[in-house]
Amino acid sequence: MSQARLHPRTIEAVKERADIVDVVGEHVVLKKKGREFVGICPFHDDKSPSMTVSPAKQFYYCFSCGAGGNAIKFLMELQRTSFSEVVLELARKYQLPIETLDGPQQERLRQQLSRREQLHRVLTLACGFFRSQLQEPEGQAALSYLRQDRGLQPATIEAFELGFAPDRWDGLLQHLQQVEGIAPTLLEAAGLVVPRRGGDGFYDRFRHRLMVPIKDRQGRVIGFGGRSLDGSEPKYLNSPETELFEKGKHLFGLDKAADPIRRQDRAVVVEGYFDVIALHAAGISNAVAALGTALSSQQITQLCRCCDSKRLILNFDADGAGVRAAQRAIGEVEQLALQGQLELRVLQLPAGKDPDEYLKAHGAGDYRSLLDQAPLWLDWQIEQVLSGLDLSRSDQFQQAVTGVVALLGKLPATAVRSRYLQQVAERLSGGQARLALQLEEDLRQQVKGQRWHGRSSRWEQPGDAGVRERAEAEILRLYLHCPGERAAIRQELLRRELDDFALQHHRLLWAAISSLEEDNLGLGRLEAISRGSEAGEALADLDLPRLLGDQLLVEHSDLLNRLTPLLEPSEVQRASLEQPQLQLRGAAAVLERQKSLKRCRHLLDAWSSQRLETLERCIARLLESPSASGAKTAADPALSNPGLDMEARIEALFAELNRDALQFQKLYYSERQHVEHLDSQRRSRLQEVSGPEAAAPVDQLPA
Ligand SMILES: [Zn+2]
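Residues numbered from 1 in each chain as written. Predicted model: local features only at pLDDT ≥ 70, side-chain atom pairs only at ≥ 80, totals over all residues. Heavy atoms only, no water.

### Quick look at the confidence of the model for the protein
Here the protein shows a mean pLDDT of 81. Residues at 70 or above account for 84%. Ranking the elements of the protein by mean pLDDT puts helix α29 (residues 637-640) last, at 47, and strand β8 (residues 163-165) first, at 97. pLDDT under 50 marks residues 628-640. Its contacts with residues more than four places away, or in other chains, come to 21 contacts. The model gives residues 691-703 a pLDDT under 50, and that stretch makes 22 contacts with residues more than four places away or in other chains. (pLDDT = per-residue confidence, 0-100. Helix = DSSP H or I, 4+ residues; strand = E, 2+ residues; numbered from the N terminus. Contact = heavy atoms within 4.5 Å.)

Rendered as structure tokens:
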């Protein structure tokens, strides 16, 4: 079968997305061993695991037969298929857009590629020119700025290929045009010159500036940052976006930092070029900068590729702008951090210093220990919410509570959230234990409310009610008849936020149990046991079935036939209480999963109706817009830019209006992830109880 050729964009996207561990792991059982994975090699008759898979390097290698390569090569060899078939297969698997090339397109692409090579060459020549100018008499002020003010050694200046753009309108232009014979239009495409306003000729974009070349991952120059030397604005001038230089895509310093990041298994992200240069000069060579933008997901992916444990430390300036930059950067990383896919820390240097200043005053050792102590992202965020607030004033206290609730409401994993709720409550209560408990409960309710409680029956599916009733009854029966497990059950229910039973008679029974226990132990101790800060033997001493039987029989004789099976289980039911811990974990996971699934359906509904609304608003705006007939609307840049065609305008408008829907989309995916996590818990429990065949999912996720 003759196949159209795949567009390099598709191939790139597949290479970017296909993780070697993921791909090989589908065919070979992989075991983690240090930073790598090992498994039985499928390419020879392997007895002991000879194949190593390295997530950091994204390749596999067999020490016995020498097979090795990347994810695509693995599938080509294993399935004996062609390169493009494998790329297609992976593109479908990861739902990436598949683009192909026809004849003329192939030709255009060849030209584009050779043009990229030309641009790389032009930028390399420009870099050489700037470097040579730094050694000329004209460059002496710039050189002494680097040596004296910045304290840089010649070796560092050399390593980062720093240079100087002379104070002339055509220094670079003349040199490259006359000496190297390069057409000004090519220089313009490389972002080095700007056309004169009259339309006649060009002039240098960078004049009287210190020049810092920006390189791609492979170390090729793709643009420049220029720092002004005479106080003229802007202080930092970057290359414009060009065919080679896309700002959200590259990280300054990654060409040098990739290996150190891999070795130290963590990456430091700072704000400016000179922070990176100063850190590298001080021996902290796992640092990169985001090039004046917030961290994009592409940049994060690049960093994570180098870093097995996916540990990022953001170090931004401590001033207001730096904090805002850190907040912006977090915005993009947040979802990944929330789902536990990367470990994000924030380092804020004392006394408003940037890394460069801090290193000069304190040295690399102190900086390293600050890196080691940098708080986790969420702790830092909470600190930001609380800092500067006077918690003894009720308005500011309320502000703190609102801020914390908004923050913790985003956390999907309830165990982590519980821990933070406790921590924040202690902090807000100013050390009063009693108040802390009340506050924690209050915060818990608020956070839950924010997350959509999941109680409405609208998103229920047939069979849900029966499953829930069985699981709730199972938990209550365990509580009543396995006294030794009571403390564990209370902790599990609190941790998973399952202490609100759905069925009326279950709620009634749970309330009766709790009030009996409170009467005997006191509320404070009961709560301490639920939170695991006090051992729970005291709970085991109460003969709950007897006490409850007497009480409920009198007060709620109408519910008697529903309560009796719980208070007095049959022989069969008693026999099933033999493995209480396993049973508890399983029943709790079933309940939590059901809640999560309902939340998923709710979010999916919210997401799609929001999308529909967006579409309607989008169409309305386009119909209203006079720019459809060529006039300009100042208020709406997406519509007023005449350079954009209709399709791009609609896309821009849609993106702008679609933000709310995207929020639902994010929440939905994070909830789904949580359901998957619960499923894996449930599967392992079922396997313990009854073997692997019982592990099939009971019901399906919403598609
Ligand atoms: Zn082998």
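### Observations regarding the coordination of the zinc ion
C41 (SG), H44 (ND1), C62 (SG) and C65 (SG) make up the full set of protein donors to the zinc ion, lying at 2.1 to 2.3 Å. Each of the 4 donor atoms around the zinc ion contributes to a set of angles spanning 103 to 117°, which defines the coordination as tetrahedral. Sequence spacing of the donors to the zinc ion: C-x2-H-x17-C-x2-C. Linking C41 in the loop between β3 (36-39) and β4 (51-54) with C62 in strand β5 (residues 59-62), this pair joins segments that are 21 residues apart in sequence. Judged on exposure class, the residue C41 and its partner C62 are both buried. (Donors = N, O, S within 2.8 Å, 3.2 Å for Na, K, Ca; no water. Tetrahedral: all angles 85-135°; square planar, octahedral: opposite > 155°, others 65-115°. Buried < 20%, exposed > 50% of the residue type's maximum accessible area, 1.4 Å probe, protein only.)

### Here's the deal with the packing of helix α16 (residues 377-386) against helix α17 (residues 394-408)
Packing of α16 against α17 leaves a shortest axis separation of 9 Å and a crossing angle of 160°. Classed by the angle they form, the pair α16 and α17 counts as roughly antiparallel. The interaxial crossing formed by α16 with α17 has right-handed handedness. Contact residues: L378, Q381, I382, V385 and L386 in α16; A400, G403, V404, L407 and L408 in α17. When grouped by side-chain class, the residues that make up the contact of α16 with α17 number 8 nonpolar, 2 polar and no charged. (Axes fitted to C-alpha atoms, helices over the stretch in contact; angles between N-to-C directions. Parallel < 35°, antiparallel > 145°, perpendicular 65-115°, else oblique. Left-handed = near helix turned anticlockwise from the far one by under 90°. Nonpolar A, V, L, I, M, F, W, Y, C, P; charged D, E, K, R; others polar.)

### Description of the sheet that holds strand β12 (residues 221-228)
Across a sheet, strands are paired by hydrogen bonds formed along the backbone, either parallel or antiparallel in direction. Strand order in this open sheet of 4 strands is β8-β11-β12-β13, and the pairing throughout is antiparallel. The sheet terminates laterally at β8 and β13 (236-238), the two strands that pair on one side only. Averaged over all pairs of adjacent strands, the angle between their axes in this sheet comes to 35°, without regard to strand direction. Here strand β11 (residues 209-215) runs beside β12; their pairing, made up of 7 bridges, is antiparallel. In the sheet register, P213 faces β12, and the bridge partner there is F224. (Pairing = 2+ DSSP bridges.)

### Quick look at the sheet that holds strand β15 (residues 287-289)
The 4 strands lie next to each other as β15-β14-β16-β17, forming an open sheet whose pairing is parallel. In the strand order of this sheet, the two ends are held by β15 and β17 (343-348), each with one partner. On average, each strand axis in the sheet is tilted by 25° relative to the strand beside it, whichever way the strands run. Relative to strand β16 (residues 311-316), strand β14 (residues 267-270) is paired through 3 bridges, and the arrangement is parallel. Within β16, the residue paired with V269 across the bridge is L314.

### Notes on the packing of aromatic side chains
The final tally for this structure, using the stated rule, is 14 aromatic pairs. Here F43 and Y60 contribute two aromatic rings whose centre-to-centre distance is 6.2 Å and whose plane-to-plane angle is 35°, an arrangement assigned as tilted. With a gap of 17 residues between them, F43 in the loop between β3 and β4 and Y60 in strand β5 connect regions that are remote in the sequence. Plain terms: the ring middles of Y61 and F63 are 5.2 Å apart, the flat faces sit at 80° to each other, and that makes the pair edge-to-face. Judged by relative accessible area, which is 36%, Y61 ranks as partly exposed. Among the aromatic residues, ring-to-ring pairing joins F129, F130, F206 and F224 into one connected group. Above the plane of the ring of F274 lies R150, whose end atom (NZ or CZ) is 4.3 Å from the centre. One residue, R419, lies across the ring of Y420, its end atom 5.0 Å from the ring centre. (Phe/Tyr/Trp six-rings, centres within 6.5 Å; stacked < 30°, edge-to-face > 60°. Lys NZ or Arg CZ within 6 Å of the ring centre and 35° of its normal.)

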